[in-house]
Amino acid sequence: MMNIWVKGYVNDTILIKLGSKNSIPILKLIGNINERWNTDYYGEGERKLIFEPYKATEGKLEIDFGL
């Protein structure tokens, strides 16, 4: 199982992507955030999580990413 937890607050939109900066976002979040995203993972190799502030200029987040 691959799990991503995002908690906190931002003043505008953030994006969470997997793989590369050009990937389609798996999460598009704004405001008060308490979000969990998960999917199956069968050990297919390395996974990268990309956090993109997008339009957000301030806030405080905690991001946990686990396989």
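Scroll up a little and you will see the structure.
Residues numbered from 1 in each chain as written. Predicted model: local features only at pLDDT ≥ 70, side-chain atom pairs only at ≥ 80, totals over all residues. Heavy atoms only, no water.

Time to look at the overall build of the chain. Along its length, the chain carries zero helices and four strands. In sequence order, the chain lays out its α and β elements as β-β-β-β. For a compact globule of 67 residues, the expected C-alpha radius of gyration is about 11 Å, and the chain comes in at 12 Å, within 12% of that figure. Each principal axis of the C-alpha atoms in the chain carries an extent, and together these give about 35 × 25 × 15 Å. Looking at the chain as a whole, 30% of its 67 residues are labelled buried. The averaged location of the 9 negative side-chain charges in the chain is 4 Å from the averaged location of its 9 positive side-chain charges. (Helix = DSSP H or I, 4+ residues; strand = E, 2+ residues; numbered from the N terminus. Rg over C-alpha atoms; globule rule 2.2 N^0.38 Å. Buried < 20%, exposed > 50% of the residue type's maximum accessible area, 1.4 Å probe, protein only. Lys, Arg positive; Asp, Glu negative; His and termini not counted. Charge placed at Lys NZ, Arg CZ, Asp CG, Glu CD.)

Here we take up the nonpolar core. Across soluble globular proteins, nonpolar side chains show a tendency to be buried alongside one another. Counting twelve residues, the largest nonpolar core consists of Met2, Ile4, Val6, Val10, Ile14, Ile16, Leu18, Leu27, Leu29, Ile33, Tyr41 and Ala56. Mapped onto this core, the elements with two or more residues apiece are strand S1 (2-18) and strand S2 (27-39). A per-element tally of this core places S1 first, with seven residues. With residues up to four places along the chain from it excluded, the contact list for leucine 29 reads Val6, Val10, Asp12, Thr13, Ile14 and Glu35. (Core = buried A, V, L, I, M, F, W, Y, C linked by side-chain atoms within 4.5 Å. Contact = heavy atoms within 4.5 Å.)

A few words now on the pairing of strand S3 (residues 49-52). Across the two faces of S3 the burial differs, with Ile50 and Glu52 buried and Leu49 and Phe51 not buried at all. In terms of strand pairing, S1 meets S3 through four bridges, oriented antiparallel. Counterpart to leucine 15 in the pairing with S3 is glutamate 52. (Pairing = 2+ DSSP bridges.)

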